[in-house]
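Topology and contacts: notes
Residue strings, one per chain:
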Amino acid sequence: MQIELRRKITEKTKAIMPVHLYGQMCDMRAIRKIADKHGLFVIEDAAHCIEGLRDSIAPGELSETACYSFYATKNLTCGEGGAITCNNDKLAETMKLLRCHGMNKTAQDRQVEGYQHWDMVVMGWKYNMDNIQAALLLPQFDRLDANWVKRRDLSLYYEKRLSKLPYISFPKERDHVKHSYHLLVIRIENGLRDHVINQLQARGINVMVNYRPVHLTNYFQTTFGYVENDFPLAERFGNEVVSLPFFPQMTFEQIDIVADTLAEIMQEVTASGKFLQEKTAGSKINV
Ligand SMILES: *Cc1c(COP(=O)(O)O)cnc(C)c1O
């Protein structure tokens, strides 16, 4: 990772944006070191990683900013919204201005402090979360740890139920990492992934793909000229991953249903011989 990251830095580079995918943190110490050497900002995408730690470091500790999402699919949610943490007062002030039109007083300030003339200091956006959303969000912080424990137990059970199935593997869990278990992602090898998705959905089990490689989407290809093989590992993952049903209220019985259905599908695949190829050697890729 570090060699590849260094290779991508040019004189135009301003920041490194690590994504703590699925809930396991990137190596922030290594990234900080590289960023310092090249005078770069570090902006963490911590949308999957509110609960995560690596080497006892949490998102936000070694970066300029860590960004969180409260979109509908996240561990904390108010439908839409997000938060940015930072430990630089000046940057925080700038972001507060930018999120609300570049105005230096909000309606609430004027309500609390009495009317004062306000100024528009910079050209900003309308990116603030509202109080109604915040009221939905705040009580969820109390349930964060309990929900994490539930997802961890469910994740372990999933792994126990699925690990022996052919062509299926789990992204490796790293040492010294507190995984936030945001998504339950498995890899399905041998080009079987889309077949398995179709079969699961035909049997009433909804799944997702997180994610197909972004550089091969139409926009990125036509705008930046990316082509296949530019990011081979992202492409490989994009062709192999499936996110299975996973939420803190899920029961072990529901996991049994998913696992039994997957076993049935894999059994049919193996019996049909249609997809029989050698299981790719050395295919464990560390996320
Ligand atoms: C959800 C998500 C985002 C985007 O969050 P928004 O609140 O929709 O802007 C960014 N990165 C990752 C990894 C996500 O899962």
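Here's a quick rundown of the structure.

Criteria and thresholds
Residues numbered from 1 in each chain as written. Predicted model: local features only at pLDDT ≥ 70, side-chain atom pairs only at ≥ 80, totals over all residues. Heavy atoms only, no water. Helix = DSSP H or I, 4+ residues; strand = E, 2+ residues; numbered from the N terminus. Buried < 20%, exposed > 50% of the residue type's maximum accessible area, 1.4 Å probe, protein only. Contact = heavy atoms within 4.5 Å. Areas by Shrake-Rupley, 256 points an atom, 1.4 Å probe, with all protein chains shown as cover. Lys, Arg positive; Asp, Glu negative; His and termini not counted. Charge placed at Lys NZ, Arg CZ, Asp CG, Glu CD. Core = buried A, V, L, I, M, F, W, Y, C linked by side-chain atoms within 4.5 Å. Pairing = 2+ DSSP bridges. Right-handed = clockwise from strand over helix to strand, strands pointing away. Axes fitted to C-alpha atoms, helices over the stretch in contact; angles between N-to-C directions. Parallel < 35°, antiparallel > 145°, perpendicular 65-115°, else oblique. Left-handed = near helix turned anticlockwise from the far one by under 90°. Polar contact = N/O pair within 3.5 Å; in protein donor to acceptor, adjacent residues only side chain to side chain. Nonpolar A, V, L, I, M, F, W, Y, C, P; charged D, E, K, R; others polar.

Let us now look at the overall build of the chain. Scanning the chain from terminus to terminus reveals 10 helices and 9 strands. Along the first, second and third principal axes, the C-alpha atoms of the chain reach 75 × 45 × 40 Å. A total of 287 residues make up the chain; the buried ones form 38% of that total. A separation of at least 24 residues holds for 65% of the contacts in the chain among residues at least 6 apart in sequence. When the accessible area of the chain is evaluated, it comes to approximately 17,300 Å², of which 54% is carbon and sulfur surface. Once the 35 positive and 35 negative side-chain charges of the chain are each reduced to a mean point, those two points are 2 Å apart.

Okay, the nonpolar core next. Looking at soluble globular proteins, one finds that nonpolar side chains tend to be buried together. Ranked by internal contacts, the top residues of the largest apolar core, which has 30 residues, are Tyr158, Leu162, Ile186, Leu244 and Leu262. Of all the secondary structure elements, the ones that give two or more residues to this core are α6 (144–162), β8 (185–188), α7 (193–202) and α10 (252–272). Not counting the four nearest positions on each side in its chain, Ile186 is found in contact with Leu162, Ile168, Ser169, Phe170, Glu240, Val241, Val242, Leu244 and Leu262. By size, the runner-up hydrophobic cluster in this structure holds 19 residues, among which are Ile16, Met25, Ile34 and Ala46.

For the rest of this paragraph, the subject is the sheet that holds strand β9 (residues 241–243). Neighbouring strands of a sheet are bound in pairs by backbone hydrogen bonds; such pairs are parallel or else antiparallel. With antiparallel pairing, the 3 strands of this open sheet are ordered in space as β6-β8-β9. Edge positions in the open sheet fall to β6 (168–169) and β9, since each of these has one partner strand only. In this structure, β8 lies alongside β9, joined through 3 bridges in antiparallel fashion. Across the sheet, the residue bridging to Val185 is Ser243, located in β9.

So, on to the pairing of strand β2 (residues 41–45). Across the two faces of β2 the burial differs, with Val42 and Glu44 buried and Phe41, Ile43 and Asp45 not buried at all. Handedness of the crossover joining strand β1 (residues 15–16) and β2 through helix α2 (residues 28–38): right-handed. With 3 bridges connecting them, β2 and strand β4 (residues 65–69) associate as parallel partners. Paired with Ile43 across the strands is Thr65, a residue of β4.

Look at α6 against α10: their axes get within 10 Å of each other, and the N-to-C directions meet at 30°. When the axes of α6 and α10 are compared, the pair comes out roughly parallel. Two packed elements cross with a definite hand, and for α6 against α10 that hand is right-handed. Two secondary-structure elements touch here, α6 through Asp153, Leu154, Tyr157, Tyr158, Arg161 and Leu162 and α10 through Phe252, Ile255, Asp256, Val258, Ala259, Asp260 and Leu262.

In this section: the side chain of Gln24. Among the secondary structure elements, Gln24 is positioned in the loop between β1 and α2. Among the residues examined, Gln24 registers a relative accessible area of 9% and is labelled buried. One polar contact links the side chain of Gln24 to the main-chain amide nitrogen of Arg174, over a distance of 3.0 Å. Look past the residues within four positions of Gln24 in its chain and what remains in contact with it is Lys172, Glu173, Arg174, Val177 and His179.

All right, on to the packing of α7 against α10 then. Where α7 meets α10, the closest approach of the two axes is 10 Å, and the angle between their N-to-C directions is 130°. Overall, the two elements α7 and α10 adopt an arrangement that is oblique. With respect to the hand of their crossing, α7 and α10 are arranged in right-handed fashion. Mapping the contact onto sequence places His195, Val196, Gln199 and Leu200 in α7 and Thr261, Leu262, Ile265, Met266, Glu268 and Val269 in α10. Per-class residue counts for the contact of α7 with α10 are 6 nonpolar, 3 polar and 1 charged.

It is worth spelling out the environment of Ile186 at this point. Relative to the helices and strands, Ile186 is located in strand β8. For the pair Ile186 and Val242, spaced 56 residues apart in the sequence, the C-alpha separation amounts to 5.5 Å.

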